[in-house]
Amino acid sequence: GEDVEQSLFLSVREGDSSVINCTYTDSSSTYLYWYKQEPGAGLQLLTYIFSNMDMKQDQRLTVLLNKKDKHLSLRIADTQTGDSAIYFCAEIKSGTASKLTFGTGTRLQVTL
Amino acid sequence: EAQVTQNPRYLITVTGKKLTVTCSQNMNHEYMSWYRQDPGLGLRQIYYSMNVEVTDKGDVPEGYKVSRKEKRNFPLILESPSPNQTSLYFCASSLSGGSYNSPLHFGNGTRLTVT
């Protein structure tokens, strides 16, 4: 399809790992991104991955990329209440002059 | 402090009454963009601007206008608002586009309700 798709909601217990999934559309996308939106605020870039990489780790965050299936995931280790937010994946489609296409967003709820 | 400032944060208006949402950035960014966020639809781009006096349509431009007379400002204009434009609007800017070395900086959003 044309849309970048994500599941709408994920609930995890504090201290557990969270895995947020995304299916993107353009197999020639060069960069893929994760943005975080905290309540009442705009989006902030969390991390990104080049399309020639399978995995990228950044402290508690691990990004996995499966180009064959056009599947991107974000794993948050030791999830904290401060991680509660909406997470958006985004891609830059080829030939779009750096235009980001965002996914539908996944709301992560962290419970005690 | 580097930031993107949108005003107002909240706006309630009636159908057909022209309104403008302002956006200003203090980072000397060339690229600016407007998005609307709706439940289950994520962020959709309305208009963007690669530089002063250069604007282009995004994915959902109908019913909106923009202008880029100065580098720092990128107002969003609704000439005749309709209820289907009720949404949360975000302005964003970056050095150039939205790539990893030029990430988007977002404002805090404007929640618009059109009755």
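Preceding this paragraph is the structure being described.
Everything quoted here is computed from the prediction, not taken from an experiment.

> Please explain the interface of chain B and chain A as it appears in this structure.
A common way to report how large an interface is uses the accessible area buried once the components associate. Contacts between chain B and chain A engage 21 residues on the former and 22 residues on the latter. Between chain B and chain A, the buried area comes to about 1,700 Å², and carbon and sulfur atoms account for 61% of it. The set of elements that each furnish at least two residues to the side of chain B that touches chain A consists of β4 (31-38), β5 (42-51) and β9 (87-94) of chain B. Looking at the side of chain B that touches chain A element by element, the count peaks at four residues for β5(B).

> Whenever I open this one, the state of the cysteines confuses me. Can you help?
Covalently bonding the sulfur atom of one cysteine to the sulfur atom of another cysteine gives a disulfide. Within the structure shown, the criterion is met by two disulfides over all chains. The disulfide bridge from A:Cys22 ends at A:Cys89, spanning 2.0 Å between sulfur atoms. Taking the torsion about the S-S bond as the criterion, the A:Cys22 to A:Cys89 disulfide, at about 70°, is right-handed. Placement of the pair is A:Cys22 in strand β3 (residues 18-23) and A:Cys89 in strand β9 (residues 85-92), with a sequence separation of 67 residues. In this pair, the class of A:Cys22 matches that of A:Cys89, namely buried. Across the disulfide, B:Cys23 is cross-linked to B:Cys91 (sulfur-sulfur distance 1.9 Å). The disulfide joining B:Cys23 to B:Cys91 has a torsion of about -75° about its S-S bond and is therefore left-handed. Of this pair, B:Cys23 sits in strand β3 (residues 19-25) while B:Cys91 sits in strand β9, and the two are 68 residues apart along the sequence. Looking at B:Cys91, the relative accessible area reads 0%, which means it is buried.

The rules behind the values
Residues numbered from 1 in each chain as written. Chains lettered and ligands numbered in written order. Predicted model: local features only at pLDDT ≥ 70, side-chain atom pairs only at ≥ 80, totals over all residues. Heavy atoms only, no water. Contact = heavy atoms within 4.5 Å. Buried area = accessible area lost by both parts, 1.4 Å probe. Helix = DSSP H or I, 4+ residues; strand = E, 2+ residues; numbered from the N terminus. Disulfide = S-S within 2.5 Å. Buried < 20%, exposed > 50% of the residue type's maximum accessible area, 1.4 Å probe, protein only.

Keep in mind these values describe shape, not function.
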